[in-house]
Amino acid sequence: MKVSIFLCVLILCSFGKAFGYPIQDAVVGLPNPELVTVYPDEVDKNLYYFLPTTVELVRDADGKPRLGVQYWGFTGADPGGLGAALTFSVRPAFDKIKLQQVADAIKAKNPNARWAAIPVICSRMNVILNSQFFPDNQTINNVQSTPLNNVPPAPLGPVVTIGTPPATPVAPASAPEITPAVATPAVPTSLCTKAGPRSNVAAQGGSVDSTQAFSIAINNIGARAFAIKSSSDMDVLGAEYTYVFRGIGTRLHAKITVRTKRVYEHFKARSSGNAWWGLVKTSWSADWQKLTNDGSIKVEFLQGGSTVSEDYMMEVFKSLVSAKIAGTGMFKPELQPAGISNPGAARMGWGFSGGGGWEKLDETNNFTFEIQKQALEEREFSVGLTFSAVCGKYPNNFADLTTVGNKCISKTKFEQLSKNVEQCVGKKLAVWKSRLDQGLITQTTWERESNLATTAPCYGT
Amino acid sequence: MKALRVGAIISFLCTLYLYPSSGTAAAYRVRDADNAIPFVLFRDSDQPNAFYFLPTTFSIAASQGSQRIGIQIYSDPKIKSQVTASVTLSIAAVATSTQLTAAATAVRQKFGTTEPKLGPLSRVSTRMSVFGDATPITPLATGRWMTSPLDSSQSITFTVSNVSRRELLRLLSADAGGFSILVELQAEGIIAGAASARILTVQLNELSGRRGFVTPGPDFEKFVDETIDRAVEGTPTDKSLLRDSYSSWIRQRLGPPSLHRLKDKLLYGWALSANTFKPEDSSLRVLIGFPHSELFGSVIELGNLCRSNATAILNVDDGSSGCDSLR
């Protein structure tokens, strides 16, 4: 039996050691700071976490990017018409130089310091590519996440989500929650459980060193933007990495004093006749604002402080609801209006009826309690970067499928090609315009044929 | 049974060991009266030597020696006179080593902490919007609010469709008033002060009307300094608490800052008038520790891109680089 107790203790302790969490508000600070976000671990004081802060093209051992563009129909007639295919791989990345500087500074203070990437519990990688660069029939998901102010955003440049996100879970599947001394631990609804096209984060899993490959069909304009050998510094493609991790939220220890008479007065003023007062979550926010502003509810911060108003508000709300149900605190039976007929009170335990019993309450009859809590929180971060993934920069990653052996579309050749195409399209349009002007075709036919003339391959002079 | 009880107690003690009190806390804004610190500064409410800085200047991100921006220009085959420009770019916060050293020095001097710990602020949300030079000021594109580390880069892509070549050339080559990116930052903290006071709204409105405009950050702090002596009556035990409380109160009354154009320059802040504050705004009561968020803004004027980023511009109609094809 002793052995089993020992094993139990050993397992529990070592389990906890293995699953420490980053402290989300305790960014590691330095006497000579750098703009680098590093979180300490809650349990292991020698462990520090770093975060992905950007995205990069994956490269092979020779430094060559994992990027390939095959295009056709631009340097001659091609049975496939005009188009291109773009394939590339990206991954989350860090500013290694800055991170090393911070690591050195921390090592100087703490020789036992160790480093780990933040444990990602879910993630998503999106491509950033202008909407006019890919065919109409391609699957496109615009960024539609609701902003903080709940106002739908104006259209952002479309973001293509293709392929499946990395799926290498590195975080514990069932994370132990903190057990505070007084209050209930609160882990909010996971950011990772949302599903569908409006999901903030689409897939479980992911890690900060996973690569993600994409393959995208590109249209005429997009192909030219990538393949013409000019403007080698031009960005035309990007990626956005969104990841969620779990960490220790802010510690909150506060003393709440509810000034009973004032709170009664507040709700009495809001009530009419036999209406029941307050304690409905949806309307509590406005009441909370007023009651805390005028001092009817006083919050004293003994330690820490949450940046989320609801952390206090809902604790007080829950306490008042509990007190009302249990008939404790300010809802003790002796506080009920004595001798006053109160049908509401008979049903629910308490209510206003226009009686005067509550007037007996005075300022000294307060309801005081403490909140002490610390919870696990999830945080979602998004980082992105655009790349100069064009032929002027990486000619060896491009292939002309029409003129085999050719890499980029040279400016000279493209100029000549453009002139030919323009003349060809111009002739076609002139023919159809003439027919329209003569009344031989309808406006609808003209629009259809002119659209076809400008989009279909046209090489003749 | 007894062994189980002992096991349960030890497990409980073990749990306490696993999750010791960390003392992590929220941060509150600290004042920088002489603007010696080139960032907005927050101080940890539990660890007095821990400070968090918030850079409020952003620029186009750079990597591999070049700025991360690209512009592709193309025309409608049927209306050759009109062109479309597709712009793709990335941005990042600016915090130079000179600025960071200055911040560390100023914190040591101002707060008497021999070894302050400075790190970037943790709870910050950002949103990017793109503007041309049109009036009224409406965004060409607006991103979503997102949280990200302050040391991260962010990207946006947008399109300016069917404008004349001349108009596009003007937007791309204007030294001021062309394309601008607004980066809004929402920093979450707590209120540092606790005070009650009477506000003299007549005086406050008079001072507001004279000022006309105020931007978040040092300019706002100056406005608070200008008005607190003449427009606020309070008897706090600690005057700095009254100032902090007043600062929070006035922000609440002004609401979120927004973008304005003054003398061809985009400014993010609040337009003030002699009617900004209402007579009912006659008292303030602010409590220490309450959650509090502040909005800051950084306007990146892209300037003359034809000159500064010619190799990042491509006309996909003729394969030419730069803006010559628009002239």
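A brief structural summary. (Residues numbered from 1 in each chain as written. Chains lettered and ligands numbered in written order. Predicted model: local features only at pLDDT ≥ 70, side-chain atom pairs only at ≥ 80, totals over all residues. Heavy atoms only, no water.)

### Quick notes on the overall build of chain B
Then comes step 1: Tallying secondary structure elements over chain B gives seven helices and 23 strands in all.
Then comes step 2: When the 327 residues of chain B are sorted by exposure, 56% land in the buried category.
Then comes step 3: Considering only contacts within chain B whose residues lie at least 6 apart along the sequence, 71% involve residues at least 24 apart. (Helix = DSSP H or I, 4+ residues; strand = E, 2+ residues; numbered from the N terminus. Buried < 20%, exposed > 50% of the residue type's maximum accessible area, 1.4 Å probe, protein only. Contact = heavy atoms within 4.5 Å.)

### Things to note about unusual backbone geometry
Then comes step 1: Unusually for a residue other than glycine, S231(A) sits at a positive phi of about 50 degrees.
Then comes step 2: Here the phi dihedral of N162(B) falls at roughly 50 degrees; this positive angle occurs in a residue that is not glycine.

### Considerations on the environment of T142(B)
All names here are of chain B.
Then comes step 1: Here T142 shows up in strand 11 (residues 139–142).
Then comes step 2: In this structure T142 comes out as buried when scored by relative accessible area, which is 9%.
Then comes step 3: The sequence separation of T142 and F131 amounts to 11 residues, and the corresponding C-alpha distance is 9.1 Å.

### Points about helix 2 (residues 97–111) of chain B
All names here are of chain B.
Then comes step 1: Here helix 2 spans 21 Å end to end across 15 residues, near enough to the 21 Å set by a 1.5 Å rise per residue.
Then comes step 2: Every buried residue of helix 2 is accounted for by L100, A103, A104, A106 and V107.
Then comes step 3: Its buried side turned inward, helix 2 meets strand 2 (40–44), strand 3 (50–54) and strand 9 (117–120). (Expected span 1.5 Å × (residues − 1).)

### Notes on the state of the cysteines
Then comes step 1: If you walk through the whole model with that rule in mind, you get two disulfides over all chains.
Then comes step 2: Covalent S-S linkage joins C391(A) and C408(A), the inter-sulfur distance amounting to 1.9 Å. What sets the handedness of the C391(A) and C408(A) disulfide is the S-S torsion sign, and at about -90 degrees it is left-handed. On the criterion of sequence distance, the pair formed by C391(A) in the loop between strand 15 (376–387) and strand 16 (398–400) and C408(A) in the loop between strand 16 and helix 8 (411–437) is long-range, its members being 17 residues apart. With respect to burial, C391(A) and C408(A) carry one shared label: buried.
Then comes step 3: Paired by a disulfide, C306(B) and C323(B) hold their sulfur atoms 2.0 Å apart. Across the S-S bond of C306(B) and C323(B) the torsion is about -90 degrees, and the bridge reads as left-handed. In this pair, C306(B) is assigned in helix 7 (residues 305–308) and C323(B) in the segment after strand 23 (320–321), connecting sequence segments 17 residues apart.
Then comes step 4: When its relative accessible area of 10% is taken as the criterion, C306(B) is described as buried.
Then comes step 5: Taking the relative accessible area as the measure of exposure, C323(B) reaches 3% and is therefore buried. (Disulfide = S-S within 2.5 Å.)

### Let's talk about the sheet that holds strand 2 (residues 47–50) of chain A
All names here are of chain A.
Then comes step 1: Taken in spatial order, the three strands of this open sheet run 1-2-6, and their pairing is mixed. Either end of the sheet is taken by a strand with one partner, and the two such strands are strand 1 (38–40) and strand 6 (114–117). Averaged over all adjacent pairs, the angle separating strand axes in this sheet is 35 degrees, with direction ignored.
Then comes step 2: Pairing geometry for strand 1 and strand 2, over three bridges, is antiparallel. (Pairing = 2+ DSSP bridges. Axes fitted to C-alpha atoms, helices over the stretch in contact; angles between N-to-C directions.)

### So, the nonpolar core
Then comes step 1: Core analysis: the biggest nonpolar cluster contains 116 residues, and F88(A), F226(A), L237(A) and L172(B) have the highest contact counts within it.
Then comes step 2: Counting residues per element, this core draws most heavily on strand 8 (residues 79–93) of chain B, which supplies seven residues.
Then comes step 3: When neighbours within four sequence positions are excluded, F88(A) is seen to be in contact with L57(A), R66(A), L67(A), V127(A), Q212(A), A213(A), F214(A), I216(A) and L237(A).
Then comes step 4: Among the nonpolar cores identified, the runner-up in size contains 19 residues, and L242(B), I250(B), L254(B) and L272(B) belong to it. (Core = buried A, V, L, I, M, F, W, Y, C linked by side-chain atoms within 4.5 Å.)

### A short note on a positive patch on the surface
Then comes step 1: A surface patch of like charges, here positive, comprises K64(A), R66(A), K229(A) and K407(A).
Then comes step 2: Position of K229(A) among the secondary structure elements: in the loop between helix 3 (220–227) and strand 11 (237–248). (Patch = residues over 30% accessible without salt bridge, like charges linked within 9 Å, V, L, I, M, F, W, Y side chains within 5 Å. Areas by Shrake-Rupley, 256 points an atom, 1.4 Å probe, with all protein chains shown as cover. Salt bridge = Lys/Arg side-chain N within 4 Å of Asp/Glu carboxyl O. Lys, Arg positive; Asp, Glu negative; His and termini not counted. Charge placed at Lys NZ, Arg CZ, Asp CG, Glu CD.)

### Things to note about the side chain of E294(B)
Residue and element names in this part refer to chain B.
Then comes step 1: Here E294 lies in strand 21 (residues 291–301).
Then comes step 2: When its relative accessible area of 5% is taken as the criterion, E294 is described as buried.
Then comes step 3: Separated by 2.6 Å, the side chains of E294 and R251 make a polar contact.
Then comes step 4: When sequence neighbours within four positions are dropped, the list of residues in contact with E294 reads R29, L185, Q186, A187 and R251. (Polar contact = N/O pair within 3.5 Å; in protein donor to acceptor, adjacent residues only side chain to side chain.)

### Notes on the environment of N220(A)
Residue and element names in this part refer to chain A.
Then comes step 1: Among the secondary structure elements, N220 is positioned in helix 3.
Then comes step 2: Overall, N220 belongs to the partly exposed group, its relative accessible area being 22%.
Then comes step 3: Sequence separation between N220 and M234 is 14 residues, and the spatial gap between their C-alpha atoms is 18 Å.
Then comes step 4: Other than its neighbours up to four places away in sequence, N220 contacts F74 and L82.

### Topic: the packing of helix 4 (residues 201–211) of chain B against helix 5 (residues 218–231) of chain B
Residues and elements named next belong to chain B.
Then comes step 1: With their axes 9 Å apart at the nearest point, helix 4 and helix 5 run at an angle of 145 degrees to one another. Where helix 4 crosses over helix 5, the handedness of that crossing is right-handed. Of helix 5, the residues touching helix 4 (which contributes Q203, L204, E206, L207, S208, R210 and R211) are D219, K222, F223, E226, T227, R230 and A231.
Then comes step 2: Classifying every residue of the contact of helix 4 with helix 5 by side-chain character gives four nonpolar, three polar and seven charged. (Left-handed = near helix turned anticlockwise from the far one by under 90°. Nonpolar A, V, L, I, M, F, W, Y, C, P; charged D, E, K, R; others polar.)

### Comments concerning the packing of aromatic side chains
Then comes step 1: Across all of its chains, the model carries 16 aromatic pairs over all chains by this definition.
Then comes step 2: Through successive ring pairs, a cluster of aromatic residues spans Y39(A), Y241(A), Y243(A), F245(A) and F381(A).
Then comes step 3: Against the face of F220(B) rests R251(B), its NZ or CZ located 4.6 Å from the ring centre.
Then comes step 4: Just above the ring of F296(B) sits the side chain of R251(B); from NZ or CZ to the centre is 5.4 Å. (Phe/Tyr/Trp six-rings, centres within 6.5 Å; stacked < 30°, edge-to-face > 60°. Lys NZ or Arg CZ within 6 Å of the ring centre and 35° of its normal.)

### Quick word on the pattern of salt bridges
Then comes step 1: In the structure shown here, the tally under the stated rule is 22 salt bridges over all chains.
Then comes step 2: In this structure, the salt-bridge partner of E56(A) is R91(A), at a minimum N-O distance of 2.9 Å. Taken together, the residues span a long stretch of sequence, with E56(A) in strand 3 (residues 54–57) and R91(A) in strand 5 (residues 83–93) at a distance of 35 residues.
Then comes step 3: The partly exposed category is assigned to R91(A), whose relative accessible area is 27%.
Then comes step 4: We note a salt bridge from E221(B) to R243(B), for which the minimum N-O separation is 2.9 Å. Taken together, the residues span a long stretch of sequence, with E221(B) in helix 5 and R243(B) in helix 6 (residues 239–254) at a distance of 22 residues. Of the two residues, E221(B) and R243(B), neither departs from the other in class, the shared state being buried.
Then comes step 5: Connected through salt bridges with shared partners, the residues D133(B), E167(B) and R170(B) form a single ionic network.

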